[in-house]
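One letter stands for each residue in the lines below.
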Amino acid sequence: MMTLQYAGPKPLISAHGITFDLNKEDKFAYLSIVAELIKALSHEYLDGKSYSYITSGKPLETEEILSLIRSIDPNLEQEVKNRQEIVEKEIREELDRANSNRVICDEECHVLIKNIELLRQYRINRSINKTVYYSGIDSLANIIKASHIDHISAQMFPKFHHVFHSIQGALGKLHPPVDSTIDIYEENGHLTVRLNILFRK
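Residues numbered from 1 in each chain as written. Predicted model: local features only at pLDDT ≥ 70, side-chain atom pairs only at ≥ 80, totals over all residues. Heavy atoms only, no water.

To continue, consider the sheet that holds strand β4 (residues 179-187). Strands sit in the order β3-β5-β4 across an open sheet of three strands; the sheet is antiparallel. A single partner strand is all that each edge strand has here, and the edge strands are β3 (151-155) and β4. Across the sheet, the mean angle from the axis of one strand to that of its neighbour is 20°, orientation sign disregarded. Alignment of β4 against strand β5 (residues 190-198), held across nine bridges, turns out to be antiparallel. Note that in β5 the partner of Asp183 across the bridge is Arg194. (Pairing = 2+ DSSP bridges. Helix = DSSP H or I, 4+ residues; strand = E, 2+ residues; numbered from the N terminus. Axes fitted to C-alpha atoms, helices over the stretch in contact; angles between N-to-C directions.)

Once that is clear, we can look at the layout of surface pockets. Taking a probe equal in size to a water molecule and rolling it over the atoms shows the remaining empty space. Taken as a whole, the second largest pocket holds about 590 Å³ of empty space. Taken together, 24 residues line the second largest pocket, and the ones lying closest to its centre are Lys10, Pro11, Glu90, Arg123 and Arg126. For the lining of the second largest pocket, the secondary-structure elements that each account for two or more residues are β1 (10-14), α3 (76-100), α4 (106-118) and α5 (120-147). If you tally residues by element for the lining of the second largest pocket, the top one is α3, at six residues. (1 Å grid on protein atoms, 1.4 Å probe; cavity = no way out; pocket = protein on both sides within 12 Å on 5 of 7 lines; lining within 4 Å. Points joined across faces, edges and corners; volume = space filled by probe spheres on them.)

The next point concerns the side chain of Ser135. Along the chain, Ser135 falls in helix α5. The residues contacting Ser135, other than those within four sequence positions of it, are Ile69, Asp73, Leu76 and Glu79. (Contact = heavy atoms within 4.5 Å.)

Right, let's talk about α3 for a bit. Over its 25 residues, α3 extends 36 Å from the first C-alpha to the last, a length consistent with the 36 Å expected when each residue adds 1.5 Å. Of all the positions in α3, only Leu76, Val80, Val87, Ile91, Leu95 and Ala98 are classed as buried. Against the buried residues of α3 lie α2 (62-72), α4 and α5. (Expected span 1.5 Å × (residues − 1). Buried < 20%, exposed > 50% of the residue type's maximum accessible area, 1.4 Å probe, protein only.)

Glancing now at the pattern of salt bridges. All told, the structure shown has five salt bridges when counted by the stated rule. Across the salt bridge formed by Arg70 and Glu77, the nearest N and O atoms sit 2.5 Å from each other. The exposure class assigned to Arg70 is partly exposed, which follows from its relative accessible area of 25%. Using a relative accessible area of 37% as the deciding quantity, one classes Glu77 as partly exposed. Between Lys89 and Glu93 there is a salt bridge, and its shortest N-O distance comes to 2.7 Å. Here Lys89 pairs with Glu93, and both are found in helix α3, just four residues apart, close to one helical turn. Classification of Lys89 as partly exposed rests on a relative accessible area of 45%. Looking at Glu93, the relative accessible area reads 33%, which means it is partly exposed. (Salt bridge = Lys/Arg side-chain N within 4 Å of Asp/Glu carboxyl O.)

Here we come to the confidence of the model for the protein. For the protein, per-residue confidence averages 93 on the pLDDT scale, and 97% of positions sit at 70 or higher. Confidence, read as mean pLDDT per element, is least for β3 in the protein (92) and greatest for α5 (97). (pLDDT = per-residue confidence, 0-100.)

Compared with the 20 Å implied by 1.5 Å per residue over 14 residues, the 21 Å span of helix α1 (residues 28-41) between its first and last C-alpha is a close match. By the criterion of burial, α1 is predominantly enclosed, with twelve of the 14 residues buried. Ala29, Tyr30, Leu31, Ser32, Ile33, Val34, Ala35, Glu36, Leu37, Ile38, Ala40 and Leu41 are the residues of α1 that are buried. Here the buried face of α1 lies against α2, α5, β3 and α6 (158-172).

Before going further, it helps to examine the environment of Ile72. Within the secondary structure, Ile72 sits in helix α2. Classification of Ile72 as partly exposed rests on a relative accessible area of 30%. Along the chain, Ile72 and Ser139 lie 67 residues apart, while their C-alpha atoms are 6.7 Å from each other. Sequence-distant contacts of Ile72, defined by excluding residues within four places in its chain, comprise Ile38, Ser42, Ser139 and Ile143.

Following this line, the structure appears as structure tokens:
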């Protein structure tokens, strides 16, 4: 049974230790926003009508996040399994290279192998979170296209901006691609981020 849990930033593993790239946050941090957007956008639309959605104000439970994304992507389990197999293959190859490395001394080799093993589950968890995240993002892009949604706006929090940027990327990969822009502006004393979808006439 697949579960979601926060792992942490991208690890950088070497024979001298483990550091973390704080610019590469675990996608788990954005999953609740993705699921909330799926809830907000999954309904019938009337031409010219604007819709508002009030978030719960706290992150959704992981079971609800998974349920929402699964409901729109029936292939999610297989996608996660495929990605997990890729990560496990990468780890095996890293261990093989470490064992055959003649540049580092035996002690460094031992440390490197231990560090790779230590972060095995951490990296698998990150890969699960990333796969679920992009499944949700692709689903949102498809909802936007199918429903001809012309814009989505939210308060300008960095996490919303990140998610909108990901949706923009997914819209551009559709066939045919859908153009979009992201604007940040002040409205009623608050910064707002807006994703504008530019459907071709």
